[in-house]
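Structural overview for review
The primary structure of each chain is shown beneath.
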Amino acid sequence: MGVSENCKGLILAMGSSAFIGSSFILKKKGLKRAAARGTRAGVGGYTYLLEPLWWAGMVTMIIGEVANFVAYIYAPAVLVTPLGALSIIVSAVLSHFLLKERLPKMGVLGCVSCIVGSVVIVIHAPQEQNLDSVQEIWDLATQPAFLTYVAATVSAVLALIIHFEPRYGQTNMLVYLGICSLVGSLTVVSIKAIGIAIKLTLDGISQAAYPQTWFFLTVAIICVITQLNYLNRALDTFNATIVSPVYYVMFTTLTIIASAIMFKDWSGQDVSSIASEICGFITVLSGTIILHMTREQEESNNTQRTLSWLIREDSMKGVEDEHLIFIRDSEYLNQ
């Protein structure tokens, strides 16, 4: 018996999460080693470019992203996208054992919530459609319901960029993240279309002659560039521990909606299966938020311990020594 399309997508999505989650640990260990030999990356150093462990992390991340791209070819977005939360679990667990970063009980609860939610989604996920050409994908993309979604998305993005971003971009992260998430939902459906075209071409049915193939590729490139641009602005302006969970929730929700409208992922499913998938999705989101809140609280506690230690040392050290201690400890925390 052959492996179903959904199983292939599931295996690729889980493998992607494992590679991406591991890549964060490899890169962080590489950055620590590089900082011990030269200027830290956080203050403008590039010593990490000479660190093999950092490059191993980059290669691992690239493998994970490629696996995630291929997963969208075999399975619907409603299955693949939420499983991205598993990379957070991999990162948290490996950090606990390899980097000696404490994983509190609430962090464990977040991991369990992500796993339970993912299992529920996998059990009730719809089957992927069998599409025979890019022309069929184009027909799905030009149906009135999806064109309405695209028109609403483009209008919202333009409004955010032209009106809201100049006024509120530096004070409200939802402006940047709204742009990223809305554009990101179009990125995923475009990439899925390109992936299916590549798969059909490799099977001997060339899709290069269809202008729709190049249209989807152009849209994907524009969307990816726009998405990365505003995500970088959000990360540069606001706290990453807040940006990450909010972006994950918004991006995942809009991606599932866009895919459900275009590819009709839930067509033919009964109400109970759809309700179960939604409950699983909410459980994954809750676990993700708990994990990020736990990390933020842990960083805050580390900072408080640093300041308390510095105050205790006040009676023993001069002003210059105190400044040196604070700088060194801050560098350690940021590695």
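For the structure, see preceding data.
Overview of the structure. Since we're looking at a predicted model, the values are computed, not measured. (Residues numbered from 1 in each chain as written. Predicted model: local features only at pLDDT ≥ 70, side-chain atom pairs only at ≥ 80, totals over all residues. Heavy atoms only, no water.)

1. Comments concerning the packing of aromatic side chains
Summed over all chains, the structure comprises eight aromatic pairs. Consider the rings of Trp-138 and Phe-215, whose centres lie 5.3 Å apart with planes at 90°: the pair is edge-to-face. Of this pair, Trp-138 sits in helix H6 (residues 134-141) while Phe-215 sits in helix H9 (residues 211-237); the two residues are 77 residues apart in sequence, bridging distant segments of the chain. When its relative accessible area of 25% is taken as the criterion, Trp-138 is described as partly exposed. For Phe-215, a relative accessible area of 43% gives the class partly exposed. Ring centres 6.1 Å apart and planes at 25° place the aromatic pair Phe-146 and Tyr-149 in the stacked group. Of this pair, Phe-146 and Tyr-149 both sit in helix H7 (residues 144-168), separated by three residues, roughly a single helical turn. One aromatic cluster is present, built from ring pairs that chain together Trp-138, Phe-215 and Phe-216. The side chain of Lys-192 reaches across the aromatic face of Phe-263, ending 5.5 Å from its centre. (Phe/Tyr/Trp six-rings, centres within 6.5 Å; stacked < 30°, edge-to-face > 60°. Helix = DSSP H or I, 4+ residues; strand = E, 2+ residues; numbered from the N terminus. Buried < 20%, exposed > 50% of the residue type's maximum accessible area, 1.4 Å probe, protein only. Lys NZ or Arg CZ within 6 Å of the ring centre and 35° of its normal.)

2. What to know about the pattern of salt bridges
On inspection of all chains with the given rule, the structure shows five salt bridges. Lys-8 serves as the salt-bridge partner of Glu-5, at 3.7 Å between the closest nitrogen and oxygen. Placement of the pair is Glu-5 and Lys-8 together in helix H1 (residues 5-37), with a separation of three residues, close to one helical turn. Among the residues examined, Lys-8 registers a relative accessible area of 33% and is labelled partly exposed. Residue Glu-51 is joined to Arg-37 by a salt bridge in which the shortest nitrogen-to-oxygen separation is 3.0 Å. In this pair, Glu-51 sits in the loop between H1 and helix H2 (52-74) while Arg-37 sits in helix H1, placing the two residues 14 residues apart along the sequence. For Glu-51, a relative accessible area of 4% gives the class buried. What you see here is one network of salt bridges that share partners, running through Glu-5, Lys-8 and Lys-199. (Salt bridge = Lys/Arg side-chain N within 4 Å of Asp/Glu carboxyl O.)

3. Some thoughts on the environment of Lys-28
Tracing the backbone through its elements, the reader meets Lys-28 in helix H1. Considering only alpha carbons, one finds Lys-28 and Gly-57, 29 residues apart in sequence, at a separation of 8.4 Å.

4. Concerning the packing of H1 against helix H4 (residues 86-98)
Packed helix pairs are characterised by how far apart their axes lie and by the angle those axes make with each other. Relative to each other, H1 and H4 sit at 40°, their axes nearing to 8 Å. The angle between H1 and H4 places the two elements in the oblique class. In this structure, H1 meets H4 at a crossing whose hand is right-handed. Contact residues: Met-14, Ser-17, Ala-18, Ile-20, Gly-21, Ser-22, Phe-24, Ile-25 and Lys-29 in H1; Leu-86, Ser-87, Val-90, Ser-91, Leu-94, Ser-95 and Leu-98 in H4. Looking at side-chain class alone, the contact of H1 with H4 contains nine nonpolar, six polar and one charged residues. (Axes fitted to C-alpha atoms, helices over the stretch in contact; angles between N-to-C directions. Parallel < 35°, antiparallel > 145°, perpendicular 65-115°, else oblique. Left-handed = near helix turned anticlockwise from the far one by under 90°. Contact = heavy atoms within 4.5 Å. Nonpolar A, V, L, I, M, F, W, Y, C, P; charged D, E, K, R; others polar.)

5. Some words on a nonpolar patch on the surface
Where nonpolar side chains cluster on the molecular surface, the patch consists of Trp-214, Leu-217, Ile-221 and Ile-225 and spans about 400 Å² of accessible area. Its place among the elements puts Ile-221 in helix H9. Among the residues examined, Ile-221 registers a relative accessible area of 47% and is labelled partly exposed. (Patch = residues over 30% accessible without salt bridge, like charges linked within 9 Å, V, L, I, M, F, W, Y side chains within 5 Å. Areas by Shrake-Rupley, 256 points an atom, 1.4 Å probe, with all protein chains shown as cover.)

6. What about the layout of surface pockets?
Approximately 400 Å³ is the volume found for the second largest pocket. Around the second largest pocket, the lining comprises 22 residues; the ones closest to its centre are Val-150, Val-154, Leu-186, Val-219 and Cys-223. Only H6, H7, helix H8 (173-202) and H9 provide two or more residues apiece to the lining of the second largest pocket. Among the elements that take part in the lining of the second largest pocket, H7 stands out by supplying eight residues, more than any other. Classifying every residue of the lining of the second largest pocket by side-chain character gives 18 nonpolar, four polar and no charged. (1 Å grid on protein atoms, 1.4 Å probe; cavity = no way out; pocket = protein on both sides within 12 Å on 5 of 7 lines; lining within 4 Å. Points joined across faces, edges and corners; volume = space filled by probe spheres on them.)

7. Description of the packing of H8 against H9
Direction vectors running N to C along H8 and H9 enclose 150°, while the axes themselves pass 8 Å from each other. Classified by the angle between their axes, H8 and H9 sit roughly antiparallel to one another. Judged by the sense of rotation from one axis to the other, the crossing of H8 with H9 is left-handed. Across the contact of H8 with H9, the residue classes break down as 19 nonpolar, seven polar and one charged.

8. A short note on H6
Listed as buried for H6 are Val-134, Ile-137, Leu-140 and Ala-141. Along the long axis of H6, the arc covered by the buried residues comes to 110°, so they all point the same way. (Arc of directions from axis to C-beta.)

9. Focus on the nonpolar core
Soluble, globular proteins show a tendency: their nonpolar side chains are buried together. Core analysis: the largest hydrophobic core is formed by 63 residues, its most contacted members being Ile-137, Phe-146, Leu-177, Phe-216, Met-262, Phe-263 and Leu-291. Beyond its immediate chain neighbours, meaning those up to four positions away, Phe-146 contacts Leu-140, Ala-141, Leu-186, Val-189, Ala-258, Ile-261 and Met-262. (Core = buried A, V, L, I, M, F, W, Y, C linked by side-chain atoms within 4.5 Å.)

10. Here's the deal with the side chain of Thr-288
Turning to its location among the elements, Thr-288 is positioned in helix H11 (residues 271-312). Residues contacting Thr-288, with those up to four places away along its chain left out, are Ala-85, Ile-88, Cys-114 and Tyr-248.

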